[in-house]
Amino acid sequence: MVGAMHADGVVDPREVAALYKLVADHPLFQGLAPTAARTLVELSNDAIRFAGNANSRAAAIAKGLPARIHRLAAYGMAAEVAVADAQLVPGELHFLEALRIALRIAPLEAEQIVRAARAGQLATYLDERYLRGKTLISVAAEVFALRALARAMATDDHRFQVRDFFSAIPDLALSKDELDAELYRAFRRPRAADAQVFGELARVAQTLPDPVDRYWIVVYALVAELPATVPSWRVIPFIGVMQAAFQITDTDMELAAVDALTFPAALPRPA
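1. Focus: the pattern of salt bridges
Should their charged atoms come close, side chains of opposite charge can pair.
Part 1 of the argument: Under the criterion given, the structure shown has 23 salt bridges.
Part 2 of the argument: A salt bridge links aspartate 46 to arginine 49, with the shortest nitrogen-to-oxygen separation between them at 2.6 Å. Taken together, the positions of aspartate 46 and arginine 49, both in helix 3 (residues 34–51) and three residues apart, correspond to about one turn of that helix.
Part 3 of the argument: Judged by its relative accessible area of 55%, arginine 49 falls in the exposed class.
Part 4 of the argument: Residue arginine 129 pairs with glutamate 109 through a salt bridge whose shortest N-O separation is 2.6 Å. In this pair, arginine 129 is assigned in helix 8 (residues 122–135) and glutamate 109 in helix 7 (residues 107–118), connecting sequence segments 20 residues apart.
Part 5 of the argument: One network of salt bridges, with partners in common, ties together Glu142, Arg189, Arg191, Glu200 and Arg203.

2. A word on the nonpolar core
A general tendency of soluble globular proteins is for nonpolar side chains to be buried together.
Part 1 of the argument: Judged by nonpolar contacts, the single largest core of 50 residues is most densely connected at Val143, Phe166, Ile217, Leu222, Met242 and Phe246.
Part 2 of the argument: For this core, the elements supplying multiple residues, two or more each, are helix 9 (137–150), helix 10 (156–167), helix 11 (176–187), helix 12 (197–205), helix 13 (211–223), helix 14 (237–246) and helix 15 (250–260).
Part 3 of the argument: Per element, the largest residue contribution to this core is 10 residues, and it comes from helix 13.
Part 4 of the argument: Not counting the four nearest positions on each side in its chain, phenylalanine 166 is found in contact with Ile137, Ala140, Ala141, Phe144, Leu172, Ala173, Leu179 and Leu183.
Part 5 of the argument: Within the second largest apolar cluster, 39 residues are counted, among which are Val81, Ala110, Ala117 and Tyr125.

3. Brief notes about the packing of helix 5 (residues 68–82) against helix 6 (residues 90–102)
Helix packing for two helices is described by the angle between their axes and how far apart those axes are.
Part 1 of the argument: Here helix 5 crosses helix 6 at 180°, and the two axes come no closer than 11 Å. By the angle between their axes, helix 5 is roughly antiparallel relative to helix 6. On the side of helix 5, the interface is formed by Arg71, Tyr75, Ala78, Ala79 and Ala82, while helix 6 contributes Glu92, Phe95, Leu96, Leu99, Arg100 and Ala102.
Part 2 of the argument: Among the residues forming the contact of helix 5 with helix 6, the class breakdown is eight nonpolar, no polar and three charged.

4. Section: the packing of aromatic side chains
Part 1 of the argument: Scanning all chains against the criterion turns up five aromatic pairs.
Part 2 of the argument: Consider the rings of phenylalanine 144 and phenylalanine 166, whose centres lie 5.3 Å apart with planes at 85°: the pair is edge-to-face. Taken as a pair, phenylalanine 144 in helix 9 and phenylalanine 166 in helix 10 lie far apart in primary sequence, 22 residues in all.
Part 3 of the argument: What makes phenylalanine 144 buried here is its relative accessible area of 2%.
Part 4 of the argument: Note on tyrosine 215 and tryptophan 216: the rings are 5.9 Å apart at their centroids and 85° apart in plane angle, and the pair reads as edge-to-face.
Part 5 of the argument: Here tyrosine 215 falls in the buried class, since its relative accessible area comes to 9%.
Part 6 of the argument: Judged by its relative accessible area of 2%, tryptophan 216 is buried.

About the cut-offs
Residues numbered from 1 in each chain as written. Predicted model: local features only at pLDDT ≥ 70, side-chain atom pairs only at ≥ 80, totals over all residues. Heavy atoms only, no water. Salt bridge = Lys/Arg side-chain N within 4 Å of Asp/Glu carboxyl O. Helix = DSSP H or I, 4+ residues; strand = E, 2+ residues; numbered from the N terminus. Buried < 20%, exposed > 50% of the residue type's maximum accessible area, 1.4 Å probe, protein only. Core = buried A, V, L, I, M, F, W, Y, C linked by side-chain atoms within 4.5 Å. Contact = heavy atoms within 4.5 Å. Axes fitted to C-alpha atoms, helices over the stretch in contact; angles between N-to-C directions. Parallel < 35°, antiparallel > 145°, perpendicular 65-115°, else oblique. Nonpolar A, V, L, I, M, F, W, Y, C, P; charged D, E, K, R; others polar. Phe/Tyr/Trp six-rings, centres within 6.5 Å; stacked < 30°, edge-to-face > 60°.

Pasting the structure below:
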């Protein structure tokens, strides 16, 4: 948000007001005291001044926001600040584009976010995206069940480890009972005697027409690997099969590995 405020070289009072309103009202900042909020804004101002401009901070912003829903929220709030003065000038557009690329947000999705921000409907849009994202948890559960089967680890203990892993990732988090139900269905799903991992993953991929959704499911699979092995994703058998089934290019796989490594190393990963 501070980056968007500085992007055109002029800090408009309406942008400042929009920023502080978002900090005061948005659930992501719940419990943040006004004094602490001002301190965070001042630190962000200093970081942008030190970097030279807002665009130079885009990569650092993305690194601090590994979860997809948080990235969408951050981009949306930046857009809301940028449009607070009723116009989007070239400097703001350049910053939003740099931020979009760093956050791996698709162009069409970014356009929808900016449109929602202009119309004062960002909260509604993000709520819809959040609920849609939760529908992907059943897909992720199926992928992790296949991962367990491929490694001969489809046990209750492993399923509980996957549940704890999902709980630690905002995009995959549900209540304990809901996650237990999703994972139980996926791990106990009847499969043909001659079923192969590639064919099962290809079937899952067909339920994901949006390539961005496929990309993020691959990211979650990479997050589950030990961080030290993620840069060598080509030699992880399940990841290789998943890449082929989900039709992810090598270039996008490299980006997915980078995004996977932004998640905390201390996550409770399934064995």
